[in-house]
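Here's the letter readout for the chains.
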Amino acid sequence: VIIRDSLMSSAFIRPNPNNGIFTVMIKNVNSSNESFSVVIYDGKGSRVYSKIFSDVSKSNPYLEVKASNLAKGQYTLVVFDKSGEKKEAGKLLIQ
């Protein structure tokens, strides 16, 4: 499922909807050993999940997210690069 939001042009989440365990694929990884952060916010804007993923590369652009402790509902997922710049944002549905 490709997620499109204001910034979601170069990453996608699969599967979506999911049970809190899913993969974010980052497209256009520029080099090896890049770092990205995944932050998930609930409907009130509270941060409910945050993790830094290191060693992201063109050959391994996958971020395996395990957030099965989250309640069912709609969330906003944001991907940041290592400098803290927002790279992607989209909606996530946990069932």
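About the cut-offs
Residues numbered from 1 in each chain as written. Predicted model: local features only at pLDDT ≥ 70, side-chain atom pairs only at ≥ 80, totals over all residues. Heavy atoms only, no water. Helix = DSSP H or I, 4+ residues; strand = E, 2+ residues; numbered from the N terminus. Buried < 20%, exposed > 50% of the residue type's maximum accessible area, 1.4 Å probe, protein only. Polar contact = N/O pair within 3.5 Å; in protein donor to acceptor, adjacent residues only side chain to side chain. Contact = heavy atoms within 4.5 Å. Core = buried A, V, L, I, M, F, W, Y, C linked by side-chain atoms within 4.5 Å. Pairing = 2+ DSSP bridges. Axes fitted to C-alpha atoms, helices over the stretch in contact; angles between N-to-C directions.

K.L.:
Would you explain the side chain of Thr 23 in this entry?
P.N.:
Within the element layout of this structure, Thr 23 appears in strand β2 (residues 21-26). Residue Thr 23 is classed as buried on the basis of its relative accessible area of 12%. Polar contacts involving the side chain of Thr 23 include one to the side chain of Glu 64, which spans 2.8 Å. Sequence-distant contacts of Thr 23, defined by excluding residues within four places in its chain, comprise Phe 12, Ile 13, Arg 14, Tyr 62, Leu 63 and Glu 64.

K.L.:
Help me out: how do you make sense of the nonpolar core in this one?
P.N.:
A general feature of soluble globular proteins is that nonpolar side chains tend to end up buried together. Within the largest apolar cluster, 20 residues are counted, with the highest numbers of intra-cluster contacts made by Val 24, Val 38, Ile 40, Val 65 and Leu 77. Elements with a contribution of two residues or more to this core: β2, β3 (34-41), β4 (47-56), β5 (62-66), β6 (73-81) and β7 (86-94).

K.L.:
Quick question: what am I supposed to make of the sheet that holds β4 here?
P.N.:
Sheet strands pair by backbone hydrogen bonding; their relative direction is either parallel or antiparallel. Spatially, four strands are ordered β4-β3-β6-β7 in an open sheet, and the strand pairing comes out antiparallel. Pairing within the sheet leaves two strands with one partner each, and these edge strands are β4 and β7. For this sheet, the mean inter-axis angle between neighbouring strands, taken without regard to orientation, is 20°. Here β3 runs beside β4; their pairing, made up of seven bridges, is antiparallel. Looking at β4, one finds that Ile 40 is bridged to Tyr 49.

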